[in-house]
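Chain and residue survey
In case you want the letters, here they are:
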Amino acid sequence: MKFDTSGLESHGQLVGASDGLFNGFPTAPSFEIPNTTDFDCFQKEAIQMVKPAKGTTTLAFIFKEGVMVAADSRASMGGYISSQSVKKIIEINPYMLGTMAGGAADCQFWHRNLGIKCRLHELANKRRISVTGASKLLANILYNYRGMGLSVGTMIAGWDETGPGLYYVDSEGGRLKGMRFSVGSGSPYAYGVLDNGYRYDMSVGEAAELARRSIYHATFRDGASGGVASVYYVGPDGWKKLSGDDVAELHYNYYPVQPSVVEQVMVET
Amino acid sequence: MSIFEYNGSALVAMVGKNCFAIASDRRLGVQLQTIATDFQRIYKIHENLFIGLSGLATDAQTLYQRLVFRHKLYQLREERNMKPETFASLVSAILYEKRFGPYFCQPVIAGLGDDNKPFICTMDSIGAKELAKDFVVAGTASESLYGACEAMFKPDMEAEELFETLSQALLSSVDRDCLSGWGGHVYVV
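Residues numbered from 1 in each chain as written. Chains lettered and ligands numbered in written order. Predicted model: local features only at pLDDT ≥ 70, side-chain atom pairs only at ≥ 80, totals over all residues. Heavy atoms only, no water.

1. Re the sheet that holds strand β5 (residues 89-93) of chain A
Residues and elements named next belong to chain A. To keep things clear, this is the line we draw: Strands qualify as paired when DSSP identifies two bridges or more between them. Under the DSSP-based scheme used, a helix requires at least four consecutive residues in state H or I and a strand at least two consecutive residues in state E, with every element numbered from the N terminus. Think of each axis as a best-fit line through the C-alpha atoms, taken over the contacting stretch in the case of a helix, with angles from 0 to 180 degrees between the N-to-C directions. Contacts are assigned to residue pairs with any non-hydrogen atoms lying within 4.5 Å of each other.
If you trace the 5 strands from one edge of the open sheet to the other, you get β5-β6-β7-β8-β9, paired in antiparallel fashion. Edge positions in the open sheet fall to β5 and β9 (175-177), since each of these has one partner strand only. Ignoring strand direction, the axes of neighbouring strands in this sheet form an average angle of 20 degrees. Pairing geometry for strand β8 (residues 163-170) and β9, over 3 bridges, is antiparallel. From the neighbouring strand, Tyr 167 faces β9, where its bridge partner is Lys 177. Helix-sheet contacts for helix α2 (residues 104-125) involve β5, β6 (96-99) and β7 (153-160), and the interaxial angle to β5 is about 20 degrees.

2. So, a nonpolar patch on the surface
Quick reminder of the rule: Like charges are joined within 9 Å and nonpolar side chains (Val, Leu, Ile, Met, Phe, Trp, Tyr) within 5 Å, but only among residues with over 30% relative accessible area and no salt bridge; these make up the patches. Using a 1.4 Å probe, the Shrake-Rupley method yields the accessible areas, and only the shown protein chains count as cover for residues. Any carboxyl oxygen of Asp or Glu within 4 Å of a side-chain nitrogen of Lys or Arg constitutes a salt bridge here.
Taken together, the side chains of Ile 3, Tyr 6, Val 30 and Ile 35 of chain B present a nonpolar region at the surface, about 290 Å² in accessible area. Note that Val 30 of chain B resides in strand β3 (residues 28-30).

3. Let's talk about the sheet that holds strand β7 (residues 105-112) of chain B
Residues and elements named next belong to chain B. The 5 strands lie next to each other as β5-β6-β7-β8-β9, forming an open sheet whose pairing is antiparallel. Both outer strands of the open sheet, β5 (42-46) and β9 (129-132), are each paired with one neighbouring strand and no more. The average undirected angle you get between the axes of adjacent strands in this sheet is 20 degrees. Relative to β9, strand β8 (residues 118-123) runs antiparallel, the two sharing 4 bridges. Bridging from a neighbouring strand, Thr 122 pairs with Glu 130 of β9. Against the sheet, helix α1 (residues 57-78) makes contact with β5, β6 (49-55) and β7, and its axis sits at roughly 5 degrees relative to β5, the strand it touches most.

4. Some words on the interface of chain A and chain B
Put simply, the test is: Once two parts are put together, the accessible area they lose, assessed with a 1.4 Å probe and summed over both, is termed the buried area. In the analysis that follows, any N or O atom pair within 3.5 Å is treated as a polar contact, provided that within protein one partner can donate a hydrogen and the other can accept it, and provided that, for residues neighboring in sequence, both atoms belong to side chains.
Contacts between the two partners involve 20 residues from chain A and, on the opposite side, 19 residues from chain B. Interface area, chain A with chain B, both sides summed: about 1,500 Å², of which 55% is carbon and sulfur. The tally of links between chain A and chain B comes to 0 salt bridges. Summed over the shared surface of chain A and chain B, the result is 8 residue pairs in polar contact (both at pLDDT 80 or more). Looking at the side of chain A that touches chain B, the elements with two or more residues in it are β4 (80-83) and α5 (204-221) of chain A.

5. Notes on the confidence of the model for chain B
The cut-off we apply is this: pLDDT runs from 0 to 100 and stands for how confident the predictor is about each residue.
Averaged over all residues, the pLDDT of chain B equals 92, while 100% of them reach at least 70. Under the prediction, the complex receives an ipTM of 0.77, its pTM being 0.77.

6. Focus: the environment of Ser 171 of chain A
All names here are of chain A. Our working definition: Using a 1.4 Å probe on the protein chains alone, a residue whose accessible area is under 20% of its type maximum counts as buried, one over 50% counts as exposed, and one in between counts as partly exposed.
Topologically, Ser 171 is positioned in the loop between β8 and β9. Its relative accessible area of 5% is what places Ser 171 among the buried residues. Remark: the alpha-carbon pair of Ser 171 and Gly 235, spanning 64 residues in sequence, is separated by 27 Å. With sequence-adjacent residues up to four places away left out, Ser 171 is seen in contact with Leu 142, Arg 146, Leu 150, Ser 151 and Val 152.

See below:
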């Protein structure tokens, strides 16, 4: 069976513009195949290497006033915490946000790449790209690299002419439209709080509090999530960062310590 | 993740001037999920002898029960408490009994011997004793703990200062470990 390399060839156009605007800028950057005899195992090892990095909690939901996006800020490598201050909400352009889960390098690179493509679309078509279009661009690129060990679990949230938009896109090539998503190892815990407290007609303040609480509860239970819970709001005028609270401080805010009677045991030495 | 990192733990003991301190974190988890934030890892054997058990929580609890049993028998027969050095040898022997199917624990033993001389030691899971004069560490955060203790330790600290030093070393190390944290228990004798 001959190895099927059709997925590796650069595609002619992904956006639809057929004038020479893309000269000099490759539509799908192509990477060389590794020089190993056992291509299958190389992929498996590459995937295993980035797998632990999906330790994170990110969530996003649409409500009456717009889209709320929130994430923690811990990066972990197995058991070791490599950083407590990672920016997991990536600003693609002033009215669209992407979240990072999975490989940090993968997410940062492809989100920036998406930002470039969105800007080119604006210049070519004299109007902003829709959230539907942007997420489709990203999903198609990731599908080309399917099976090669990219690890990306992202949500594209934004406000376009049709109103608020939220899509989940991952490195397996999946793309889902929805109202509420949570991605990462802490997502089951976040879903529990988010699904319970969600109502479509919340105010911005209530939605922000719900998002913050969901991230806090996920960081409590999940060892791979922690650091700072950042909350962003996407409205008709673009995105705005609402808060960034350390989850340890949130813990003592939500559950203040009751001073209890401490029995002192004096040991004679 | 290995079996030693299944529950997550951080243990450290330090020697001061005629006193010792032993501290542990309080998290119990199942790999990345936190189950409890008030789990006890340090147990009192007698007034001047404490043992902390890191590693797999079920083995730690079982091993503690066996050790308490052996110590109570010793108390009945000898009508006195065990010296820390003797207790360390007892733990080492019990662990080596299970050489080919070990308890997945790393104990940290801290006690005051004759003339209130502090004694600390740690062991690997099959009973290799490591005596130290300054500090011993165990658990998933052990590498961070080594660094923190090495930087903060001074010989002949009094009880107050020893408590502060040990707490700071523990807290800063577990802040770099996903599998341990949620506060600490510190015992100063």
